[in-house]
Amino acid sequence: MPIFQPIILTTLTITTLIFLSSTHLVLMWVALELSTLVVLPLIANKSHPRSIEASTKYFLTQAAASALIIFSWTLNYITTGGGQITEVTNQALTTIMTLALFIKIGLVPFHFWVPETIQGMAPTASIFLLTWQKLGPLIMLYLMSPLINFEVLSAVSILSATVAGWLGLNQTQIRKLVAFSSIAQMSWTLVIIKYAPSLTILAFYLYSITISATLLTLEKLSTTSINNLLLSFQKAPVTSLLLTISLLSLSGLPPLAGFLPKWLTIDQLVAEGAIWIAFTMLMASLLSLFFYLRLWYNSASTLPPNTINTQRLWRKPTQQTNLTINSLAMAALTLILAATMMKAITKQEAY
């Protein structure tokens, strides 16, 4: 796999540049297919049935979404003769393409492939799937934002936040919990794209930093279930502290970075008159907050002489955290002062 890493990174960079520089649907569809194919070796990098199953589910789901996108472009080209993504003016075709991009991202009710795929991947490879791989569909939704049906967008966002939080309540596998967390975070990222696309970019940027820090710390601790976290603070206290910061940031608690996009999103929804949508999203986020706090409790709050119902692991030498984990975790610390400045900038742009 190290031989193919430069090829994978180069291909992902090229596809990202295509998304940033082109608005033609065919070119963007080709970039989507390239990014899909280049991620498959990251998923199936081990000769394990779980990895093979994850790669198969991922490929079939992404192929179905790509078929819907090229189907929408074909009908739009036949009716209007336009090939640009901003020229899809038919509401039905726009809705079909939006739903296809939701499949690419993994929102409810098209989320079933996300936890199974993440469960079969290594934590480091999961970073590409949960961050970089979502950038292309997000750019396409950004360009389509004036044409998106807000009723469909809000319904999918509320369902994603609610279902992801609900499914994560009784989950003990950490990688599946991260997958449900990603679904819930993307619902907050996309619910406001109709009215404030720049806020969507900010939310995705902070989400990418925080989820990357979380996955890197989990890989450093070598934990796969919640029970394994019970002794993490004794083995690597600094890494467990960084994991705590990342988890609390993902939950959206102030004064961490995850609070900033949620605060600005609620403020923008209320300003647009979507008060009930903002209230429902807040109530749904309480479900996600519960399993974030459960992870935090197991990783940093279960210290001797507390009773722990888990088998004691063999003691390994304490591992030192590296610079990447420290940098990402510190980036997850954003004070409320920065949020206040961003809010003032957003209001100034509105005027």
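What you are looking at is a predicted structure, and each value in this text was computed from that prediction instead of being measured.

(A) View of the side chain of Ser-72. In this structure, Ser-72 sits in helix H3 (residues 49–80). Assessed through its relative accessible area of 0%, Ser-72 is described here as buried. Contacts of Ser-72, omitting those with residues within four sequence positions, involve Leu-93, Ile-96 and Met-97.

(B) Seen up close, the UniProt feature "transmembrane region" (unreviewed entry) in the protein. In the numbering used here, UniProt assigns the "transmembrane region" (unreviewed entry) feature to residues 56–75, 95–114, 150–169, 199–218, 238–261, 273–293 and 323–345. The span residues 150–169 carries 95% helix and 0% strand; its end-to-end C-alpha distance comes to 29 Å. In this annotation, residues 238–261 is assigned 71% helix and 0% strand; the end-to-end C-alpha distance for the span is 27 Å.

(C) How the structure looks around helix H8 (residues 174–190). Here H8 contains 17 residues, and its C-alpha end-to-end distance of 24 Å stays within 8% of the 24 Å for a straight helix at 1.5 Å per residue. Across the 17 residues that make up H8, a large majority, 17, are buried.

(D) Up close: the confidence of the model for the protein. For the protein, the average pLDDT comes to 80, and 83% of its residues sit at 70 or higher. Mean pLDDT across the secondary structure elements of the protein bottoms out at helix H15 (residues 336–350), with 51, and peaks at helix H7 (residues 150–168), with 91. Contacts of residues 315–319 to residues separated by more than four positions or lying in other chains number eight contacts, the stretch itself having pLDDT below 50.

(E) Molecular detail of the packing of aromatic side chains. A full pass over the atoms with the stated rule returns eight aromatic pairs. Summarising the aromatic geometry, the rings of Phe-128 and Trp-132 are spaced 6.1 Å apart at their centres and angled 20° between planes, so their arrangement reads as stacked. Separated by four residues within a single helix, Phe-128 and Trp-132 lie in helix H6 (residues 123–144), roughly one turn from each other. Among the residues examined, Phe-128 registers a relative accessible area of 22% and is labelled partly exposed. Seen from their ring centres, Phe-150 and Tyr-195 are 4.9 Å apart, and the 55° between their planes marks the pair as tilted. Here the residue Phe-150 occupies a position in helix H7, and Tyr-195 occupies one in the loop between H8 and helix H9 (197–221), the gap between them amounting to 45 residues.

(F) How the structure looks around the pattern of salt bridges. Applying the stated criterion to the full structure yields four salt bridges. Linking Glu-33 and Lys-104 is a salt bridge whose minimum nitrogen-to-oxygen distance equals 4.0 Å. Of this pair, Glu-33 sits in helix H2 (residues 25–43) while Lys-104 sits in helix H4 (residues 91–105); the two residues are 71 residues apart in sequence, bridging distant segments of the chain. Note on Glu-33: relative accessible area 23%, which makes it partly exposed. For Lys-104, a relative accessible area of 5% corresponds to the buried category. One salt bridge in this structure joins Lys-176 and Glu-116, with 3.6 Å as the shortest N-O distance.

Calculation rules
- Residues numbered from 1 in each chain as written.
- Predicted model: local features only at pLDDT ≥ 70, side-chain atom pairs only at ≥ 80, totals over all residues.
- Heavy atoms only, no water.
- Helix = DSSP H or I, 4+ residues; strand = E, 2+ residues; numbered from the N terminus.
- Buried < 20%, exposed > 50% of the residue type's maximum accessible area, 1.4 Å probe, protein only.
- Contact = heavy atoms within 4.5 Å.
- UniProt positions renumbered as here; feature names shortened; annotations may be inferred.
- Expected span 1.5 Å × (residues − 1).
- pLDDT = per-residue confidence, 0-100.
- Phe/Tyr/Trp six-rings, centres within 6.5 Å; stacked < 30°, edge-to-face > 60°.
- Salt bridge = Lys/Arg side-chain N within 4 Å of Asp/Glu carboxyl O.

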